[in-house]
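Spelled out, the chains give:
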Amino acid sequence: MIPTREDAMRLLLKYNESDALIKHALQVEAAMIHFAKYFNEDVEKYSVVGLAHDLDYEKYPEQHCTMTRQILEEEGWDEEYIRAIVSHGWGLCSDEKPESTMEKTLYTIDELTGIINACCLLRPSKSVLDLSLKSLNKKFKDKKFAAGCDRDVILKGVEMMGIDKNIIFEETIKGLQERAEECGLKGNL
């Protein structure tokens, strides 16, 4: 089955109650949509993968990605979607190495959106709309800031994508800015 955004949202809400995890899923989706357009790829596919990527995290944190595979197989999802989602945990909780552009993008921007979210929370505006690349880079260098976000994963992803880090950072910010209200990052602007 080729899943729709509605399918992904239904499962996200079935397995997650945490507002923070749901917002994270929406933020990753926003960045994925932007990168789908950037790479001229399937926007709906990138959206679905971004939205469903942490499907199992709240209920099964110790089995992250493994339970997602099981859930999505039971739901009859196409293997391309399952593989893309499971590969975002490569080296952490999955042996699936990101291969496609979509997989590499998800792998790279998952942790990056967490750092961007943390940056926004500290801004007077609480918004991504006035977040600059310079400000993001400054916080990225501070390993104590958003310490739970794995910078090595981001840098490994950047290397796999073969695109300059600043371009990926800037495009991720743009993706979140385009959907700031939907993903909880509009703040008071």
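In short, a report on the structure. (Residues numbered from 1 in each chain as written. Predicted model: local features only at pLDDT ≥ 70, side-chain atom pairs only at ≥ 80, totals over all residues. Heavy atoms only, no water.)

Within the protein chain one finds nine helices and zero strands. Going from the N terminus to the C terminus, the protein chain shows its helices and strands as α-α-α-α-α-α-α-α-α. Against the globule reference of 16 Å for 189 residues, the protein chain gives a C-alpha radius of gyration of 15 Å, in line with a compact fold. Taken along the three principal axes of its C-alpha coordinates, the protein chain extends 45 × 35 × 35 Å. The buried share of the protein chain, taken over its 189 residues, is 52%. A total of about 8900 Å² of accessible surface is found on the protein chain, and carbon and sulfur atoms cover 49% of it. Charged side chains of the protein chain number 25 positive and 35 negative; the gap between the two group centres comes to 9 Å. (Helix = DSSP H or I, 4+ residues; strand = E, 2+ residues; numbered from the N terminus. Rg over C-alpha atoms; globule rule 2.2 N^0.38 Å. Buried < 20%, exposed > 50% of the residue type's maximum accessible area, 1.4 Å probe, protein only. Areas by Shrake-Rupley, 256 points an atom, 1.4 Å probe, with all protein chains shown as cover. Lys, Arg positive; Asp, Glu negative; His and termini not counted. Charge placed at Lys NZ, Arg CZ, Asp CG, Glu CD.)

The backbone phi angle of Asn 40 is positive, close to 55 degrees, even though this residue is not glycine. Looking at the secondary structure, you find Asn 40 in the loop between helix 2 (19–38) and helix 3 (43–52). Note on Asn 40: relative accessible area 71%, which makes it exposed. In this structure, Ala 146 takes a positive phi of about 45 degrees despite not being glycine. Along the chain, the position of Ala 146 falls in the loop between helix 7 (133–141) and helix 8 (151–161).

Bringing the nonpolar core into the picture now. Of all hydrophobic cores here, the largest spans 56 residues; its most connected members are Met 32, Val 49, Trp 77, Ile 115, Ile 116, Val 128 and Leu 136. Not counting chain neighbours up to four residues away, the residues in contact with Met 32 comprise Tyr 46, Val 49, Gly 50, Met 102, Thr 105, Leu 106 and Ile 109. (Core = buried A, V, L, I, M, F, W, Y, C linked by side-chain atoms within 4.5 Å. Contact = heavy atoms within 4.5 Å.)

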